[in-house]
Each structure stands twice: as structure tokens, then as C-alpha cells.
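# Coordinate analysis (summary)
Each chain, written out:
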Amino acid sequence: MGATMIGERVKRLEDPRLLTGEGGFVDDIQLPNTLHAAFLRSPHGNARIRGIDLSAARAAPGVVDAFSLSDGWPDAPPTIPVLAPVDGLLPCPQYLLARDQVRYVGEAVAVIVAESRDLAEDAMELAEVDYEPLPAIATMESGMASGAEVLHDTVPDNVAVRWTQGIGDVAEAFDGAAHVVSDTFRMQRYTGVPMEGRGTLATQDPVNGELTVWTSGQWPHTQRALTAALLGLEEKSIRVIQPEVGGGFGVKVELYPEDVLIPFAALRVGRPVKWIEDRREHMLTVVHAREMDIDLSVALEADGTIRGMRCRLLSDQGGYFRTLGTVNPSLAITSVPGPYRIENYEGEVVCVLTNKSPSSPYRGAGGPEAVFARERLFDMAAREIGMDPAAFREKNILPADAMPYDTGLVSVESTVVFDSGDFPAGLQRALDAIDYAGFRAEQARDREQGRLRGLGICVYTQMASVGPYESAEVRVDGGGKVAVVSGAAPQGQGTGTALAQVVADQLEVPLDQITVTFADTARIPFGVGTYASRNAVMAGSATLVASERVRDKAIAVAAHLLEASEADVEWHEGTARLKGVAEKSHTLAELAQAAGPGGNRPEGMEPGLEIRHYFETLDAPFAFGVHIAEVEVEPETGDVDIKRYVAFSDCGRLINPMIVEGQIVGGIAQGVGGALLEELVYDEDGQMLSANLADYQLPTSLDLPNVEISHEESPSPLNPLGAKGIGEGGAIAGHAVIANAVEDAIAHTGARVRETPLRPAAVWKLMQEAGAASS
Amino acid sequence: MDNERNIDVTVNGRSHSANVPARRRLSEFIRDDLGLTGTHVGCEHGVCGTCTVQLDGETVRSCLMFAVQADGAEIMTVEGLADGGALHPIQEAFWQEHGLQCGFCTPGILMTVHEFLLENKGPLEEEIRHALSGNLCRCTGYQNIVKAVETADRLWER
């Protein structure tokens, strides 16, 4: 029996509990005697703190504790570490609570713990902080201007780090070019905005002293390590459990101050303490992403062949560098060349501090920014040299025989090496799916009648997993049921179903005999978590190897029981049997019982039908895709209507195509949201103008298209499943493809799209300005 | 506690009589007092639709109502959909069509769809999209939710 479950559109094992309201999200966990925390937060973008007086708050009804940084840490308060540093990064870390200065609206200043959330919030009104407001830096330009307010004494020009990296001889490439096309692109600040905000519940076991922390997160083991380090505790005294998580999209891959302060508060008061973020807190304090200004140039031969590229990227980092603050700019600068043959490239990164919530990865993490700039510039370049944008891409895309292709670039996460795939064939499939030639003919005809139809193409690659490892344990109990425990920490992706499919193929047992659990530091000692599209590759491979070894062990036990050699035992539908003698067989349950301690197993064999495996690798596979969108722009209003959306993807071997397609469409929704609607807006004083879901526009069911999906499966040679992640591809391509389609619809007016979001007013203004310029 | 009021409500067919503070929101009453945590809270300002429940057969945002305003009402939450172990046809359809990922917004969407399908048979895609437009989902892009509503329309004999 070969693989039968991998590749199947299996209904998700997670769904019944979620559909009936039985899922256990962090706020659904209700412990007796729980206190509730509220955070006193800065109303200023930038201010010195002259004093904090919590005495009236402490005396308020129901208040059990209230503390500032100096109350909690009178001597040397710890700061949140940077986990992926780059050379030259100047220190600008964040304390768990503001010490003597606040640097963004919403930065936590004090914690109040009371018998209920209402009482904690009532008491907050009585807390007094004496602020001396300072000029706020609301844009990267103002932060880099001479004489600008300095946000950190350690960073005299508000540039926390700058670096360059590249390949080949860029000067020569540009000197000898027939054409050089350059432009500047700006992507706005936007972020993940999961429907469930952040939240933490912590309690200390009165018997053994263990601190248990439930957090809506994405990396419980890292959270445990960092919490222990910041609180000066031993790791083994902390248990972090990630319950059901209502979306993460990268913004919960972070050690937030609250993640540490809630356990700290629980230790102080000796009772469970819970904090559930409200939506305003979320918009103000969740990590932000995307805001970059990108200067990009491409040097071309007369026939459109790319000779080289130059990029200068300014990344708005907000008020502090947090754990993963370098990741977005690093992935962006190494994603610019993408799936094209570009042998001469130089990129410069400038990380600027401003009075905004700190920035950190969100779905795509630098990919959307880089791909937006590149794919925009390529459309402009093609237009400038009179070439069709599809033909321009066909000319420069890497051929299949170039694989594996080492770009020579290295990010803080991995080397950029494309491991497999036929990129030109994928581009052709997407062009065929949308009937590219047919569209161009219709577009010209419709334009004469005043209809503004446009088509955008986006070709992209994405880092499709990241190391260094992930864990999985596969254990068969005496009843023959299989339990999988992994250190991965999914947030709704359906990973439990995918891993069960992997196990079902190896052990040949039905899915309903398999349970999969995740993200509990007490259940598995090491784990990395869920981000960077890594679950299928990392947790999937760990599960595959563990379940193969469980089967091998079961066969060894069967051979022992049957007094046969292992070579004479075969595995068939969850049982081991003597080859050719069907009645000489043992079920999985019997084998698990025999393998148990005190059972009947081969001498020297470790007891237990269980294997824990760590799949370790530093090599990241890369997925590839082509998205093509057709839009129509309403000439009177600038409103953009997406008419068709084609998505071709190659993410290696598909474990569950239904889940993969859900990830693709969901990612596209976020890319389209960024292209058309979403923006975290700050005014010149550093006040956020979009701190609720009425002002921050998430896409609704009326804003998004039905996506037409196709796949190719080029197995990755880098892992035993042949898988590549795809969770971020839609968010990467979705933004750029809509921007390209909108420009294509209005390019004949002379309008050029250089920034997003393309809300109706912005598109209308582009058309008006272009029209005014041309008349 | 000051400012408490007694309310009588029926939730998923079961009667409850409770003293609640005047400022207690219906969402808090359902989740914290009754322990029905299937109703989730996503924004607390009435935009996302996650906390949607049915009050006397009509959808409301339970984060925008005080519990005292529900006095005398019949409430249905997501926990009231399935019949014992048997999923409601709407739930079956969402399962079949992969109409959910993280599942956080799902209870509110199920409540909205239940009301919509009781009032509409054989709805067009455009009508379904309008009906869903007050419920935000950040995971799915709505495509499979729309499909799930179409499937539920076929599965649910009503």
C-alpha cells in the first residue's frame, strides 16, 4: 500500500470543535480566583516621564496590585533581546514597561491588577503620570533630517543600522546599459490584525511552584526561554501552553512586554492573572509591518535583458528594535532579484526609528515590499522600452535548467537558493489561464468605450520554511491509538490534519485513530513554532521520520513475536504480518502492548512504541508562483473592482490541497487588503488615526475575488516530504499584482502607481493629476 | 455589587435567572456568567461581527448590548446549533467546504448565515456576499465561506 492520504482533500480534524464553539482560546480558559490586568499606556508619541503615581489606583475598589518598571525592577530592569542581530546594530531595546521615556502611543507604563477587568480599567483613570511631551517623529524623512529629535541617545541620527549587500559588478552593469529605469516606491504601514487579539493567562502551581502561562502566540518554546531569562527564573520552572489561536499571521511571533508582565504579576499576587487585549490596544501595540520606501533601478540591454539592479530600502522600525526587528528589511533586500536571472545586484538597507509601534514580521516579512517594488518597476521598464510586460518577464525569468539556482544572497534567516521548479512553464500556465492575448485585445476595445480595464502580473518566490529544526513525537498507546505531539504552534492552518495524513500513510491507520497536539513545553522539550510557512516542511518532515521509525520498530517487535526475521514481516493496514501468512499477524495495539515496559520485545530495544524526532536543517526551500489579476477602475470614482484573479503556485508536494488552497486564498486576501484598503495612519504628533476596525479597513466579503487556482508540484530535494511552504505567497503576490493591474488600467492617462493603498480617492487623484499634466 | 439588576433569559432553550451589573455586556454575560465561550469577542466596538448571536431570532452584536437589555429574550448562540452530537447542516457545510481556518470568527458567521438562510432559499452569490459583509474573517478570503453558504442552502431542509 503506497501513499494514499498525502495529497487528499481531507476534511480538517480541527473543525468540529471550532464549529460547535468548543475550541479553547485563551480567553475561554477560566480559572477560579482569577484577577484581571489592565495596562496604563502612553497617550504620547514621544515624552519624557517625570513621575508615576499609582497610589490612588492602588487604593481603588478591587485593586490588588499596581506597578511600574521601578516597582517591579528597582535595580537593573531587563530589556527585550534582539534575536536576529546584524553587524552594526545600535542598541535601542525596549524595557518591559517604559523607564524614563515613552516612544510610541500605547507603550505600556504601568500594570494594574484587580478583581475584574472593569475595576482594573476604572482604577487606571486614577493613575497619574507626569509626562513632558517631546517632538514626535512621525515619518522616516523627519527622523533622518538634520537636527531631528533623537529618540535614543545610543542612536544619534535615528538610524539604528544600515548595511549593504550584493552580488556581481553593479557599476559595470549600469555603465554599459542601453536603458536604466529607476523609481521610488512606498508601501504603507499595515499589519496582521488577527480576529483574536493577544492574550495571556498565568498562574503558579502552589504545590510545585511551576508557573503555567497560556498565550495566544506562535512560538511557545522561545517564549518560555525568553520569559525565564527576563524574569531570572529557570526554564524548567515555566510551562508555556499555546491554546487555540485565532490567527497570528506573524504578529504573534514576538515576545511582547505583556507576555512577561502577566506571569510576573501572577507571581507577585499569588493568584491567576489574565489579560485579554482590546482592539484599540491591538492596533496601537501589536508589531507593525511593511512600511518601507524603496528606491529601485534596473539596467537593461536594448532587448530588455536585465544587466543589473540597485536598491536602497528605508525601513520604518518604530520606536524600538524588538526580537525580530531585522527580519523584514533583511528578507526584503534579499528578495528583490527574485525568480529572475540577475547577476549584478547591490542593495542598501537603512533602518530608521520613529515614534510608532515597533515593526516585525507579518505574513511575507519583507517579501511583499520587495516584490511590490520589483514587479512595479518591471512594468514601468517594459513600458518605457516598448515591451510587453509578460514578454519582459519571459525574457528574464530563470529557466528550469538553472535549478538549483544560488542567487548568492543571504538573509538573516537563510541562503537564497531556489531548489527546484520550472518557472517559465508556470508563467505560461498563468498567462494561458487568464487568456492573456485575448484580454489585451478586449482591453483596447473596451478602453475606446471608456471602460478602464487592467491586468497585472506578479511573479514571485518565497522563502518556504526556515530552520533550524522542528520536533514531532509519535506514540502508539496500548489501544492502538496514535498520538502525535509537535513543537509547532499553528494558529488555524490545519496542521493537525496535515500531520495526521502523514502518519496515516506510514502506519496505515484511519485518521480517526490519530490525535495531534501542539505547542506545550511540558509535552515536548524542544520546539520552534509556526511562522515563515514552515509547518508542512519542518513539522511535516519530523512527523514523517518519526512515524516511519515507529513502523520500523513495530515491525521489529512483530518479528520478535512471530519468531521471524524482520525481512519476512510486512506492514498491512495497521498490522504486521508474516509474508504470505495473513493469519500470522499482530495489530498495532498488540505491538504497542508488547513494546511497552514489562512487555515482550527484542532484547536491547528501548521500551515503548514511540519515537521523537527533530528534523534539523538550515536550508530553506523556496516556493514559486505567478499571480495575474484583472481589475476594472471606475472612471468617476477611482473605485477598483477585481474581475478575475488567477494564482499559479509551485509549493512542492501537496499534503492536503484543500488546506493549501485555503492558505493561498487567505494570503491573497491580505495582499489585496494591503493594496487597496489597509493602513496604520499616524499624524504628525505620532497619534494613530486608525486604531479601530472602522478606521482600519479590513477587506470584507464584498472586496475580494474568487481566486482561480492551479498548482505544479516540483518536489523540494531539501526535505523527505518534498514540501515547500506557501502560507505567505498570497500576501506577497496579492499586493503587487493589484498595484500592477490598477496601473495597467489607467496607464494610458500617464498615471503611475508608486504607493499604496489604492483607495478610490488615491486612484482618482492619480488619474486627475495625470490628466492635468497631459492636457 | 452596586447597580445590579435581575434578568431572565432563555439561552439555547435553557432558562437562566441572574443578577448582573448594569454595565455588564451581553457578550460577557454569555461567556463569563453562563460559560458559553463559543461566542467570541473580536473588536468590542461592533465592527467585526465575531460576537454575533441571535436575540429573538434576529442577529445582534453581543458586545454592543448590555445584558440587562436582553431581559426576557430568547437567545441562540453557536452552542445551540448542533443537535447533540449531530452537526447542523450549516456546520456540516462549513466543514465540507473548508469555510474556516482559525475558527475565531466562525461562531458569529454561523449565526449570521443561520438567520440569512432561514429568510432566503437559493440565494445568489452576490446576495450571500452582502449577507456576510458585516462579519470579518481574516483567514479565508471568504471564498470558501461563500461556497459553504451555497452548500448549506442545499443541505438544510427548512
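Let us now look at the overall build of chain A. When helices and strands are tallied, chain A shows 20 helices and 28 strands. For a compact globule of 775 residues, the expected C-alpha radius of gyration is about 28 Å, and chain A comes in at 28 Å, within 12% of that figure. Viewed in the frame of its principal axes, chain A has a C-alpha envelope of about 90 × 75 × 45 Å. Here chain A, with 775 residues, has 65% of them falling under the buried criterion. When the accessible area of chain A is evaluated, it comes to approximately 26,000 Å², of which 48% is carbon and sulfur surface.

Okay, the interface of chain B and chain A next. At the interface, 46 residues of chain B touch 53 residues of chain A. Arg117 of chain A is the partner of Glu44 of chain B in a salt bridge, and the nearest nitrogen-oxygen pair spans 2.9 Å. Connecting chain B to chain A are 24 residue pairs in polar contact (both at pLDDT 80 or more). Element by element, the count of residues in the side of chain B that touches chain A is highest for helix α2 (residues 89-96) of chain B, at five residues. For the side of chain B that touches chain A, a count of residues per class yields 18 nonpolar, 17 polar and eleven charged.

Our next topic: the environment of Asn355 of chain A. All names here are of chain A. One can find Asn355 in the loop between β15 (345-352) and α11 (367-384). The sequence separation of Asn355 and Tyr320 amounts to 35 residues, and the corresponding C-alpha distance is 8.8 Å. Excluding residues that lie within four positions of it along the chain, Asn355 makes contacts with Gly45, Asn46, Arg103, Tyr104, Pro135, Ala136, Ile137, Leu151, Tyr682 and Gly686. Polar contacts involving the side chain of Asn355 include one to the main-chain carbonyl oxygen of Gly45, which spans 3.0 Å. Reaching out from Asn355, the side chain makes a polar contact with the backbone oxygen of Arg103 at a distance of 3.0 Å.

A word on helix α5 (residues 143-155) of chain B. The periodicity of an α-helix, 3.6 residues per turn, causes residues three or four positions apart to be oriented the same way. For α5 of chain B, which comprises 13 residues, the first-to-last C-alpha distance of 19 Å matches the rise-based estimate of 18 Å (1.5 Å per residue) to within 8%. Considered for burial, the residues of α5 of chain B that qualify are Gln143, Asn144, Ile145, Val146, Ala148, Val149, Thr151, Ala152 and Asp153 of chain B. Residues of α5 of chain B that are buried in the fold lie against α18 (657-676) and β28 (707-712) of chain A together with α2, α3 (106-119) and α4 (125-132) of chain B.

Right, let's get into the packing of α3 of chain B against α4 of chain B. When two helices pack together, you describe them by how their axes are tilted relative to each other and by the distance separating the axes. Residues and elements named next belong to chain B. Put simply, α3 and α4 touch, their axes get as near as 10 Å, and they point 130° apart. Here α3 lies oblique to α4, going by the angle between them. In terms of crossing hand, the pair formed by α3 and α4 is right-handed. Residues Ile109, Thr112, Val113 and Phe116 of α3 pack against Glu127, Ile128, Ala131 and Leu132 of α4. Of the residues in the contact of α3 with α4, the class split is six nonpolar, one polar and one charged.

Residues in a regular strand point their side chains to alternate faces of the sheet. Residue and element names in this part refer to chain A. A large share of strand β27 (residues 640-650) lies buried, amounting to eight of its eleven residues. Hairpin geometry of strand β26 (residues 622-633) and β27 is characterised by an intervening segment of six residues between the two adjacent antiparallel strands and by a positive phi of about 80° at Gly638. Here β27 pairs with β28 via six bridges, running parallel. When the sheet's bridge partners are listed, Tyr645 is paired in β28 with Val707. Following the chain from β27 across α18 to the adjacent parallel β28, one finds a crossover that is right-handed.

Residues and elements named next belong to chain A. With domains assigned, chain A is organised as domain 1 (15-22 + 468-616), domain 2 (31-134 + 198-245 + 252-285) and domain 3 (376-464 + 619-774). The straight-line distance from the C-alpha centre of domain 1 to that of domain 3 is 40 Å. Contacts between domain 1 and domain 3 engage 15 residues on the former and 18 residues on the latter. Taken as a group, Ala532, Ser533 and Val537 account for 37% of the area that domain 1 buries against domain 3, more than any other trio of residues on that side. At the junction of domain 1 with domain 3, the criterion picks out zero salt bridges.

All names here are of chain A. The grouping of Glu634, Glu636, Asp639 and Asp703 at the surface amounts to a negative patch. Checked against the element boundaries, Asp703 lands in the loop between α18 and β28. For Asp703, a relative accessible area of 30% corresponds to the partly exposed category.

Parameters and conventions
- Residues numbered from 1 in each chain as written.
- Chains lettered and ligands numbered in written order.
- Predicted model: local features only at pLDDT ≥ 70, side-chain atom pairs only at ≥ 80, totals over all residues.
- Heavy atoms only, no water.
- Helix = DSSP H or I, 4+ residues; strand = E, 2+ residues; numbered from the N terminus.
- Rg over C-alpha atoms; globule rule 2.2 N^0.38 Å.
- Buried < 20%, exposed > 50% of the residue type's maximum accessible area, 1.4 Å probe, protein only.
- Areas by Shrake-Rupley, 256 points an atom, 1.4 Å probe, with all protein chains shown as cover.
- Contact = heavy atoms within 4.5 Å.
- Salt bridge = Lys/Arg side-chain N within 4 Å of Asp/Glu carboxyl O.
- Polar contact = N/O pair within 3.5 Å; in protein donor to acceptor, adjacent residues only side chain to side chain.
- Nonpolar A, V, L, I, M, F, W, Y, C, P; charged D, E, K, R; others polar.
- Expected span 1.5 Å × (residues − 1).
- Axes fitted to C-alpha atoms, helices over the stretch in contact; angles between N-to-C directions.
- Parallel < 35°, antiparallel > 145°, perpendicular 65-115°, else oblique.
- Left-handed = near helix turned anticlockwise from the far one by under 90°.
- Pairing = 2+ DSSP bridges.
- Right-handed = clockwise from strand over helix to strand, strands pointing away.
- Domains from an automatic or database assignment.
- Buried area = accessible area lost by both parts, 1.4 Å probe.
- Patch = residues over 30% accessible without salt bridge, like charges linked within 9 Å, V, L, I, M, F, W, Y side chains within 5 Å.
- Lys, Arg positive; Asp, Glu negative; His and termini not counted.
- Charge placed at Lys NZ, Arg CZ, Asp CG, Glu CD.

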